[in-house]
Amino acid sequence: MMGGILAVSLAAFGADHKEHGGQKTEKAKPYPLATCVVSDEKLGGDMGEPYIFTYQGREFKLCCKSCLKDFDKDQAKYVAKWDAAARKVKPYPLKTCLVSGEKLGGDMGEPFEFIHERREMKLCCKDCLKEFNKNTGQFIKKLEEAEKAKK
């Protein structure tokens, strides 16, 4: 459970990152792993906050900036690893925010998206992340009930 909460809280750090190469990016696909794509080290562990960047429309999180050298040596390998992990993520089943119940894509604009324990999550806004992190178990239960109801 703690790893999932950590992954959620780290998602907030990816909001204003840059495309690998320097330019500011638009919305990137959320990072699907709880570990560094290069070293397989746990994110947010002994290395501190992850180094976050966007590459080819995908958010990447490295355990530290020094892993960027290895990423650059074999970008295709790490993109393939990212893609394989993303294929295992369960899609978000609701049309509303898990926290507020607001319609996604409504007055709040584009939803805030992240991956939690191999599940896509969508919130109406980034502000709902704090409440999600505070009561993660409650919201996961709500999501599981919605998934069962759709079957």
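The coordinates are above.
Below: a short report on this structure. (Residues numbered from 1 in each chain as written. Predicted model: local features only at pLDDT ≥ 70, side-chain atom pairs only at ≥ 80, totals over all residues. Heavy atoms only, no water.)

### Structural notes on helix α3 (residues 75–87)
Here is step 1 of the chain: Here α3 is 13 residues long and its end C-alpha atoms lie 18 Å apart, about the 18 Å a rise of 1.5 Å per residue gives.
Here is step 2 of the chain: For α3, the set of buried residues is Tyr 78, Val 79, Trp 82 and Ala 85. One side of α3 holds all its buried residues, which, seen down the axis, span an arc of 125°. Facing away from the buried side of α3 by more than 90 degrees, the exposed set consists of Ala 76 and Arg 87.
Here is step 3 of the chain: Those residues of α3 that are buried lie in contact with β1 (51–55), β2 (58–62) and α2 (67–73). (Helix = DSSP H or I, 4+ residues; strand = E, 2+ residues; numbered from the N terminus. Expected span 1.5 Å × (residues − 1). Buried < 20%, exposed > 50% of the residue type's maximum accessible area, 1.4 Å probe, protein only. Arc of directions from axis to C-beta. Contact = heavy atoms within 4.5 Å.)

### Some details on the side chain of Arg 58
Here is step 1 of the chain: The residue Arg 58 is located in strand β2 in this model.
Here is step 2 of the chain: Within polar-contact distance, the side chain of Arg 58 engages the side chain of Asp 83 at 2.9 Å.
Here is step 3 of the chain: Excluding its chain neighbours within four sequence positions, the residues that come into contact with Arg 58 are Ala 28, Lys 29, Phe 53, Val 79, Trp 82 and Asp 83. (Polar contact = N/O pair within 3.5 Å; in protein donor to acceptor, adjacent residues only side chain to side chain.)

### What to know about the state of the cysteines
Here is step 1 of the chain: Counted according to the given criterion, the structure contains zero disulfides.
Here is step 2 of the chain: Looking at Cys 64, it has no disulfide partner, and the nearest cysteine sulfur is the one in Cys 63, 3.9 Å off.
Here is step 3 of the chain: The cysteine Cys 125 is free of any disulfide, with Cys 124 supplying the nearest cysteine sulfur at 3.9 Å. (Disulfide = S-S within 2.5 Å.)

### Examining the pattern of salt bridges
Here is step 1 of the chain: Here the structure, examined in full by the defined rule, presents seven salt bridges.
Here is step 2 of the chain: Between Arg 58 and Asp 83 there is a salt bridge, and its shortest N-O distance comes to 2.9 Å. Residue Arg 58 is found in strand β2, and its partner Asp 83 is found in helix α3; the two are separated by 25 residues along the sequence.
Here is step 3 of the chain: Residue Asp 83 is classed as partly exposed on the basis of its relative accessible area, which comes to 22%.
Here is step 4 of the chain: Between Asp 70 and Lys 73 there is a salt bridge, with the nearest N and O atoms lying 3.8 Å from each other. Here Lys 73 and Asp 70 lie together in helix α2, a separation of three residues that amounts to about one turn. (Salt bridge = Lys/Arg side-chain N within 4 Å of Asp/Glu carboxyl O.)

### Things to note about the pairing of β1
Here is step 1 of the chain: Burial runs high along β1: four of the five residues are buried.
Here is step 2 of the chain: Sheet analysis places β1 next to β2, joined by five bridges and oriented antiparallel. Opposite Tyr 51, over in β2, you have Leu 62 as the bridge partner.
Here is step 3 of the chain: Linking β1 to β2, which pair antiparallel, is a turn of two residues; within it Gln 56 sits at a positive phi near 50°. (Pairing = 2+ DSSP bridges.)

### Points about the environment of Ile 115
Here is step 1 of the chain: As for its placement among the helices and strands, Ile 115 is situated in strand β3 (residues 112–116).
Here is step 2 of the chain: The exposure class of Ile 115 is buried, given its relative accessible area of 13%.
Here is step 3 of the chain: C-alpha of Ile 115 to C-alpha of Pro 30: the two residues are 85 residues apart in sequence and 6.5 Å apart in space.

### Let's talk about unusual backbone geometry
Here is step 1 of the chain: Phi at Asp 40 is positive, roughly 65°, even though this residue is not glycine.
Here is step 2 of the chain: Along the chain, Asp 40 turns up in the loop between α1 (2–11) and β1.
Here is step 3 of the chain: Relative accessible area serves as the criterion here: at 46%, Asp 40 is assigned to the partly exposed category.
Here is step 4 of the chain: One non-glycine residue, Arg 118, lies in the positive phi region at around 60°.
Here is step 5 of the chain: As for its position among the elements, Arg 118 is in the loop between β3 and β4 (119–123).
Here is step 6 of the chain: A residue is classified by how much of its surface remains accessible, and Arg 118, at 43% relative accessible area, is partly exposed.

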